[in-house]
Amino acid sequence: MHVGLIFGTRPEIIKFSALIRLCSTHSNLSFFLLHTGQHYSYELDKIFFDELNLPNPDYNLHIGSAPHGEQTGKMLIGIEQILLKENPDVVLVLGDPNSALAGALAAAKLHIPVCHIEAGRRSHNRSMPEELNRLMIDQIADHLFTPNEWTRQNLLKEGISDDRIIVSGDPIVDVVASSKDTAAVCSDILQRLSLEPEQYFLLTLHRPENADIPNKLQTILNTLDIISAKYAYPVIFPCHPRTKKVLAMHKLILKNIQITEPLGYMDFLQLETHASVILTDSGSMQEEACILHVPCVTLREDTERSETVQIGANILAGTRPECIMDAVESMLHADKIWQNPFGEPGVSERIIRDVLYIITKIA
Ligand code: UD1
Ligand code: UDP
């Protein structure tokens, strides 16, 4: 039984990590790791292999940054060659980056069964590049591992047959469960940044709709500055390179906001765990906040994680200053008693078990 795992960005590496470690322990399973190289800076890539005890990828295509078409096209060319050489029984892709789309498409064209993990997420906003990727991957994948009943319903509404869908939970649950205690012991980030638990805000921004529009980015940062002063809590902002480039190019002002490099998972998880409120446009952080019972304010107009909003773990604030301020005020008083909708730990193990079963059925 031979499995190919294809990925290329920070969240894919993190969310695949528990599953990759499990693959190494299965004696009747061989696997290969194919990294597209979409993310390549140490702090978006290699740091997670080091911290999360992952083997080096068997292949790295070193595609790097480029416009969507060029980036995805180059990935398709490189992935196809490796799939022809490795001839896996199935290919696993996760989430919605271009790397996942290219992996799914290259495999499907070669008639290699595709398993999509985190299937069924929908923001219903097609101007978001990831939404197009999600729609296309879920159409061409053979087996859709979906986090929960909300995401299963999204797939059914699109006419996808129930026998392609497996409600597995989300593998981020395993990553948080296996890393939280280690982070508490290994990370001294709170001391390094002189932070008191539950007395700071954690901010990340990297979506093009926020990060690539200098005026909008400045308005968000000004609002966070006011919020920081109002509550006398610092704002910690580990900054994605995409956003950092725009901050530098347009000389944007960050008054009371403490900017850092993108952090490793242990430091970042520790910061998430003890934040008073997480403010973000990240997808995975809406989930992690929910799992950690830390209130989240999402700085977007829509989300593909709408279940977090429905259960009261997250407010979709958009980016207007008064809406962000109201959402923060409200989330500072959240009761934090929601149930995690992403499944119990053991998701990655369940996915592997089902993948092995799928391979036996094909043989
Ligand atoms: C990509 C994904 C997004 C995901 C995010 C995770 C797509 C369409 N987007 O967005 O879904 O949420 O990764 O972080 O697949 N850069 C570096 N070093 C790197 C990578 C990028 O400096 O290792 C800079 C480059 O200037 C690049 C910019 O960041 O142009 C954007 O990178 P890109 O991979 O195109 O998109 P992300 O914003 O990272
Ligand atoms: N993350 C990290 N260091 C950081 C910022 C984020 O380790 O400085 C982790 C975070 O815990 C989550 C993932 O990276 O698991 C989120 O990645 P990102 O927001 O870039 O992508 P998205 O989830 O939006 O696709």
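Along each chain, residues carry numbers from 1 onward, in the same order as the chain's sequence is written. Chain labels run from A onward and ligand labels from 1 onward, assigned in the order the entries are written. Residue-level local features of this predicted model are given only where pLDDT is at least 70; pairs of side-chain atoms are given and counted only at 80 or more, and the full residue set underlies all totals for whole chains, interfaces and linings. Values reported for side chains reflect all heavy atoms of the structure, with hydrogen atoms and water molecules removed beforehand.

S.K.: I'm lost on the pairing of strand 1 (residues 2-7) in this one. Help?
M.R.: Along any regular strand, the residues point their side chains to alternate faces of the sheet. Only protein chains enter the accessibility calculation, which uses a 1.4 Å probe; a residue whose area is less than 20% of its type maximum is buried, one above 50% is exposed, and one in between is partly exposed. Strands here mean DSSP runs of E at least two residues long; helices mean DSSP runs of H or I at least four residues long; both are numbered from the N terminus. Taken across its 6 residues, strand 1 has 6 buried, putting it largely inside the fold. Of the two faces of strand 1, both are covered, the one formed by His-2, Gly-4 and Ile-6 as well as the one formed by Val-3, Leu-5 and Phe-7. A strand pair is defined by DSSP finding two or more bridges across the two strands. One ladder, built from 6 bridges, connects strand 1 with strand 2 (residues 30-35); its direction is parallel. The partner of Phe-7 across the bridge, within strand 2, is His-35.

S.K.: Mind showing me how you'd approach the packing of aromatic side chains here?
M.R.: Describing an aromatic ring pair means giving the distance of the ring centres and the angle of the ring planes. Geometry of aromatic contacts follows a simple scheme: Phe, Tyr and Trp rings, the Trp one being its six-membered ring, pair when their centres are within 6.5 Å, and the pair is stacked under 30 degrees between planes, edge-to-face over 60, tilted otherwise. All chains considered together, the criterion is met by 5 aromatic pairs. Here the aromatic rings of Phe-7 and Phe-16 are separated by 6.1 Å at their centres, their planes lie at 65°, and the arrangement is edge-to-face. Side by side, Phe-7 and Phe-16 carry an identical accessibility label, which is buried. Centre to centre, the rings of Phe-201 and Tyr-231 are 6.0 Å apart; their planes meet at 70°, and the pair counts as edge-to-face.

S.K.: Looking at this structure, how should I read the sheet that holds strand 3 (residues 59-60)?
M.R.: Backbone-to-backbone hydrogen bonds join strands into a sheet, with any given pair of strands oriented parallel or antiparallel. The 7 strands are arranged 3-2-1-4-5-6-7 in an open sheet whose pairing can be described as parallel. Where the open sheet ends on each side, the last strands, each with one partner, are strand 3 and strand 7 (165-167). The sheet contact formed by strand 5 (residues 114-117) and strand 6 (residues 143-146) spans 3 bridges and is parallel. Across the sheet, Cys-115 pairs through a bridge with His-143, a residue of strand 6. Only heavy atoms enter the contact rule, under which two residues are in contact if any of them lie within 4.5 Å. Every axis corresponds to a line fitted to the C-alpha atoms, with the helix fit spanning only the stretch in contact, and the corresponding angles, defined between N-to-C directions, vary from 0 to 180 degrees. Helix-sheet contacts for helix 4 (residues 98-109) involve strand 1, strand 4 (90-94) and strand 5, and the interaxial angle to strand 4 is about 160°.

S.K.: Explain the site of ligand 2 to me, please; I cannot follow it from the model alone.
M.R.: Taken together, 17 residues lie around ligand 2, and Arg-10, Leu-263, Ser-282, Ser-284 and Glu-288 are the ones closest in. Between Arg-10 and ligand 2, the recorded distance is 2.8 Å, taken from a side-chain N or O atom to an oxygen atom. Polar contact is defined as a pair of N or O atoms within 3.5 Å, subject to the rule that within protein one atom must be able to donate a hydrogen and the other to accept it, and that residues adjacent in sequence are counted only when both atoms are side-chain atoms. Residue Ser-282 places a side-chain N or O atom 2.7 Å away from an oxygen atom belonging to ligand 2. Alone, ligand 2 offers 540 Å² of accessible surface; in the complex the protein occludes 96% of this. If you list the elements that add at least two residues to the shell around ligand 2, you get helix 1 (10-25), helix 12 (265-274) and helix 13 (283-292). For the shell around ligand 2, a count of residues per class yields 8 nonpolar, 5 polar and 4 charged. Note that the domain bounds reflect an automated or database-derived domain assignment. Split by domain, the residues of the shell around ligand 2 number at least three in each of domain 1 (2-170 + 343-362) and domain 2 (177-332). Throughout this document, a residue counts as near a molecule or strand when at least one of its heavy atoms sits within 4 Å of that molecule or strand. Here, Shrake-Rupley sampling with a 1.4 Å probe gives the accessible areas, and only protein chains in the shown set may cover a residue. Amino acids are sorted into nonpolar (Ala, Val, Leu, Ile, Met, Phe, Trp, Tyr, Cys and Pro), charged (Asp, Glu, Lys and Arg) and polar (every other residue, Gly among them).

S.K.: For this particular structure, what's the right way to read the packing of helix 10 (residues 214-231) against helix 15 (residues 321-332)?
M.R.: Two packed helices can be described by the angle between their axes and the distance between those axes. Packing of helix 10 against helix 15 leaves a shortest axis separation of 10 Å and a crossing angle of 40°. On the basis of the axis angle, helix 10 is oblique to helix 15. Along this stretch, helix 10 crosses helix 15, giving a crossing that reads as right-handed. Mapping the contact onto sequence places Thr-219, Thr-223, Leu-224, Ile-226, Ile-227, Lys-230 and Tyr-231 in helix 10 and Pro-321, Ile-324, Met-325, Val-328, Glu-329 and Leu-332 in helix 15. The cut-offs work like this: below 35 degrees is roughly parallel, past 145 is roughly antiparallel, 65 to 115 is roughly perpendicular, and the gaps in between are oblique. Left-handed describes a crossing whose near helix is turned anticlockwise from the far helix through less than a right angle; right-handed describes the clockwise counterpart.

S.K.: Teacher, can you tell me more about the nonpolar core here?
M.R.: One broad trend across soluble globular proteins is that nonpolar side chains are buried collectively. Of all hydrophobic cores here, the largest spans 59 residues; its most connected members are Leu-5, Phe-16, Leu-19, Leu-92, Tyr-265, Leu-271 and Val-355. No other element matches helix 16 (residues 347-362), which puts 7 residues into this core. Ignoring anything within four residues of it in the chain, the contact list for Val-355 reads Val-3, Val-90, Leu-92, Cys-115 and Phe-145. Throughout this description, the term nonpolar core refers to a set of buried Ala, Val, Leu, Ile, Met, Phe, Trp, Tyr and Cys residues connected via side-chain atoms within 4.5 Å.

S.K.: Looking at this structure, how should I read the environment of Leu-155?
M.R.: You can see Leu-155 is positioned in helix 6 (residues 149-157). For Leu-155 and Leu-44, which are 111 residues apart along the polypeptide, the C-alpha to C-alpha distance reads 31 Å. Sequence-distant contacts of Leu-155, defined by excluding residues within four places in its chain, comprise Ala-119, Gly-120, Arg-122, Asp-138, Leu-144, Thr-146, Ile-160 and Ile-165.

S.K.: So what exactly am I meant to see when it comes to helix 4 here?
M.R.: One turn of an α-helix holds 3.6 residues; hence residues three or four places apart share an orientation. The span you would expect from a helix comes to 1.5 Å times its residue count less one. An ideal rise of 1.5 Å per residue puts 16 Å on 12 residues; helix 4 measures up with 16 Å between its terminal C-alpha atoms. Summarising burial for helix 4: 9 of the 12 residues are buried, a large majority. Among the residues of helix 4, those classed as buried are Asn-98, Ser-99, Ala-100, Leu-101, Ala-102, Gly-103, Ala-104, Ala-106 and Ala-107. A positive backbone phi angle near 60° is found at His-111, which sits one or two residues after helix 4.

Structural measurements only, silent on function.
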